[in-house]
Structure formats: structure tokens, C-alpha cells
Amino acid sequence: IWTEQRNLLIYDNEGIPLAIDGIAVDITSQKDAEEALSRSEERFQLAMKASNDGLFDWNLETNEIYYSPSWKKMLGYEDYEIPNDFSVWETTTDPEDLAKSWELQQKLIAKQIDRFVLEFKMKHKAGHWIDILSRAEAIFNAKGKAIRIIGTHTDISERKHAEEKLRKLSQAVEQSPASVVITNPQGKIEYVNPKFTEITGYTTDEAIGQNPN
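Quick caveat: nothing in here was measured; it's all calculated off a predicted structure.

A.B. asks: It is not clear to me how helix H4 (residues 95-109) should be interpreted in this structure. Could you clarify?
C.D. replies: One full turn of an α-helix is made of 3.6 residues, so residues set three or four places apart face in the same direction. In a regular helix each residue adds 1.5 Å, so 15 residues correspond to 21 Å; H4 covers 21 Å between its end C-alpha atoms and thus fits that length. Taken together, the buried positions of H4 are Asp97, Ser101, Leu104, Gln105 and Leu108. Taken around the axis of H4, the buried residues stretch over an arc of 105°, which confines them to a single face. Pointing more than 90 degrees away from the buried face of H4 are the exposed residues Pro95 and Glu96. Buried residues along H4 sit against strand S3 (54-59), helix H3 (86-92), strand S5 (116-123), strand S6 (129-140) and strand S7 (146-155). Measuring from the backbone nitrogen of glutamate 96 back to the side-chain oxygen at the start of H4 gives 3.1 Å, which picks out aspartate 94 as the cap. Looking at the residues trailing H4, positive phi occurs at lysine 111, about 65°.

A.B. asks: Looking at this structure, how should I read the nonpolar core?
C.D. replies: As a rule of thumb, soluble globular proteins bury nonpolar side chains together. Counting residues in each nonpolar core, the largest one holds 23 residues, and the members touching the most others are Phe56, Tyr67, Trp71, Trp89, Met122 and Ile149. Discounting residues that sit within four places of it in the chain, methionine 122 has contacts with Trp71, Leu75, Thr92, Thr93, His128, Trp129, Ile130, Ile132 and His153.

A.B. asks: Before we go on, may I ask you to explain the environment of threonine 28 in this structure?
C.D. replies: Structurally, threonine 28 is set in helix H1 (residues 28-49). Overall, the relative accessible area of 18% leaves threonine 28 in the buried class. A sequence separation of 26 residues divides threonine 28 from tryptophan 2, and the C-alpha atoms of the two residues are 4.7 Å apart. Ignoring any residue separated from it by four or fewer positions in sequence, one finds threonine 28 in contact with Ile1 and Trp2. A distance of 3.0 Å separates a polar side-chain atom of threonine 28 from the backbone nitrogen of tryptophan 2. Side-chain polar atoms of threonine 28 contact the side chain of aspartate 26, separated by 2.6 Å.

Conventions we followed
- Residues numbered from 1 in each chain as written.
- Predicted model: local features only at pLDDT ≥ 70, side-chain atom pairs only at ≥ 80, totals over all residues.
- Heavy atoms only, no water.
- Helix = DSSP H or I, 4+ residues; strand = E, 2+ residues; numbered from the N terminus.
- Expected span 1.5 Å × (residues − 1).
- Buried < 20%, exposed > 50% of the residue type's maximum accessible area, 1.4 Å probe, protein only.
- Arc of directions from axis to C-beta.
- Contact = heavy atoms within 4.5 Å.
- Polar contact = N/O pair within 3.5 Å; in protein donor to acceptor, adjacent residues only side chain to side chain.
- Core = buried A, V, L, I, M, F, W, Y, C linked by side-chain atoms within 4.5 Å.

In short, the description is geometric, and any link to function would need to be established separately.
So, in C-alpha cells, the structure goes:
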């Protein structure tokens, strides 16, 4: 076990040392927590080197925050162009999303949730908005108090744009004045739009699984 020694030197009336009085405090749980934290941080750093995600590390005790160069690069900035300050997050994040982010962070700190996962918009240096997927976890000390939040940012703008295109395409098919039928590789119907049911008189349930021929 790990112990912490606390000793007191006892003197007589003439100032001559007589004895040493002390206690040993078991700090094994604290040392185990520190070692676990060190291992966790080492794994995290190794994972970050293998990815293009941006890293942030928020010290809740000092309110200091670190943004990795790749975190800043997502917003179009070089490392030296913006400071490692929490106000950067506040001024670049969409106001509505900022409120959601703050609420989720507080739940993470209070152990109401195990993990922070949120999609939100941040303003790029060029003036446009980008879509960010943020994931984070809280680090707690031996007493169970949250002392840091460490997480990543991933630019998911391309994915969001693809989802929007797919949504618009799906809407166009649904509203198309032409009959649309989609079959699987086996030639069975998997989808029909409203115009198909209007023209043929078949319901969607009746058409699904049938051979259009």
C-alpha cells in the first residue's frame, strides 16, 4: 500500500528534542486514481496522434483550457491566431448550441451522464458555419470531484451536407408527379411513391415485396 507520513518533533521545556510523534495515512486509493488517470491520458494522446480530430482540455479548477492546433485549424486558424481561452468557444459557437453545450457539460460534471456527445455549429474564420461533432469525458479526482473535461471535435460538415441532399432528394421523390418504384437486387419492390399508389390503386403495403412485372 501507499502511505503518507505526517510527523511532529516533540521538545522539552529547554528545547531539546525528546521524541517524534507521527501517523501514517493510507493514500493507496489516491495513488491508484492518479496512475489510472496517467494511463488514460497516455492512451488518449496516442489515439489523438493517429487522428485528425481537434483536442480540447479544460481544467475545471483553474478554468484554463487548451485547444490543439488541429482544433483551431478546423475553424480556419493557425495555432498562434487565437488564444487558449474559453471565450473562443463561446464566441465561435452558435448561441443556441452554446446553451445546449453548457447544459450538457454541467450534467457531465454532476455525473448525471457518463459522456458528452453533441452536434453543433461553429463559425469558421472565413465567415461560414461548420458542423462539429463533439465528444468529451470528465476526469474526477479521488474525492469524486470533476477536475477536467477532455474531448475532441470532428468536422462533420460533409456528412451533414450529404444528409441534407439525401433529404431533399427523398422529398422530391415523394412529391414527384411521376410514378417511382425502387426494387432490390432480387427484383422485388422495396419502395413506391404516392404517385404510384394513385395511378395503380395499390396501397404501399400491397406493393412492397411484389414483382413489378
